[in-house]
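# Remarks on the overall topology
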Amino acid sequence: MTPRPTRWTRPFRARRRTGSRTRRLLELHLAVALLSALVSMTALLVSYREVQNAAGEMRTHAAPAVQGVASTQLALLRAHHEAVTSVGSGIDRVVGAGARYEAQLAAASQGLSRLSDVQIDGERGRGVLATVTGVLTSYGGSITPGTTTYVDDELMQGQKLAEAARQLDRPGTGVVPRLDVLQHHQMQRMARISTLGPLQLTGWAVAELGLLVLALTLLSSLWLLRSRCGRSLDPWLLAALLLTVALAVVPLRATVATQERLDTARHGLAAIEDRARDHDRNHLAEAQSFVTRTSFDLRDRLAVESWQSWTYYGALGAGTLILLLPVAGLGRRLNADYYWRAG
């Protein structure tokens, strides 16, 4: 049977009951702070890393792959155009297909070699490039006799040039249509890389919401320590609150800046693809100049800024601190002077 409180024990028991409630509130605040910090930082770091990885893949693979296909297509068309021009002007009797043809064909061959390393269509893309290389060899076997061996036989020369043209642009099986298919698949892949998907948007929403909950919890903890525990602003909790605000702003700002660069690059690559698909043989040189100029501009735009690279490591360090600082601030009150201060 519990003894009835006397006039000496009643204030002590009331103080103990009030202290227990305050202690439970402090423990609840600490648990919510730790949980929200853990969830928000996990979502933030994963989401930020995904965006930076997308920018890196865009810079090292997607953009060079799209630019490479466009440049290769235009070089092949320009080479064929120069060969036909040399035949039409009669200089094939002296120099064959001509130096311009040789230069453009060499550029196309180099472009195919680079594409095997940077293309982003996987095994399907490698299969397309292997087929294109084989067809391009057959193309050379037709265009070279047409501009050198049969210069005095107009019938055979015309047949060889027509055969070369079919191998180059026959619908479905020609070199250029096959590269069009590869480019289409690469553009789809590039669009997925450079766009924030629903999963990434959800990750950022979880991160920002978790940081908001953490900030409100820290504010409530500061008020609780001041109103119930007689403490002024706790430096550990105040530092955690400032870091929380910084984490809610800086990584998000870096992500927005990165996404703006990705959007600009996506539009630029779409313009390159459209220009390469316009197979107007009278404007091939202008199209090549446009592709080259736009490619250099995109390369500069996709260059990552140093502060964005360090943001991830800064967020990782700050995330560790916002896990430790609430423990230091609230745990000290719970374990050190709570019993005689609380209530």
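Residues numbered from 1 in each chain as written. Predicted model: local features only at pLDDT ≥ 70, side-chain atom pairs only at ≥ 80, totals over all residues. Heavy atoms only, no water.

Scanning the entire structure with this criterion turns up five salt bridges. Here D121 ties to R124 by a salt bridge, and the two come within 3.0 Å at their closest N and O atoms. A salt bridge links E273 to R277; the nearest nitrogen and oxygen atoms lie 3.2 Å apart. Of the two residues, E273 and R277 both sit in helix α8 (residues 235-277), four residues apart, roughly one turn of that helix. (Salt bridge = Lys/Arg side-chain N within 4 Å of Asp/Glu carboxyl O. Helix = DSSP H or I, 4+ residues; strand = E, 2+ residues; numbered from the N terminus.)

Let us now look at the environment of G134. Along the chain, G134 turns up in helix α4 (residues 122-149). For the pair G134 and V175, spaced 41 residues apart in the sequence, the C-alpha separation amounts to 9.4 Å.

Let us now look at the nonpolar core. By size, the foremost hydrophobic cluster in this structure holds 50 residues, and its most contacted members are M58, L76, L179 and L269. Residue contributions to this core peak at 15 residues, all from helix α1 (residues 10-89). Look past the residues within four positions of L76 in its chain and what remains in contact with it is L105, A108, L136, L168, V175 and L179. L44, L237, L241 and L334 belong to the second-largest nonpolar core, a separate cluster that totals 31 residues. (Core = buried A, V, L, I, M, F, W, Y, C linked by side-chain atoms within 4.5 Å. Buried < 20%, exposed > 50% of the residue type's maximum accessible area, 1.4 Å probe, protein only. Contact = heavy atoms within 4.5 Å.)

Aromatic ring pairs are described here by two measures, namely the spacing of the ring centres and the angle between the planes. Scanning all chains against the criterion turns up two aromatic pairs. Seen in terms of ring centroids, Y312 and Y313 are 5.5 Å apart; in terms of plane orientation they differ by 85 degrees. Their pairing is edge-to-face. Among the aromatic residues, those joined into a ring-pair cluster are W310, Y312 and Y313. Just above the ring of Y312 sits the side chain of R49; from NZ or CZ to the centre is 3.9 Å. The residue whose ring lies beneath R275 is F290, and the NZ or CZ to ring-centre distance is 5.1 Å. (Phe/Tyr/Trp six-rings, centres within 6.5 Å; stacked < 30°, edge-to-face > 60°. Lys NZ or Arg CZ within 6 Å of the ring centre and 35° of its normal.)

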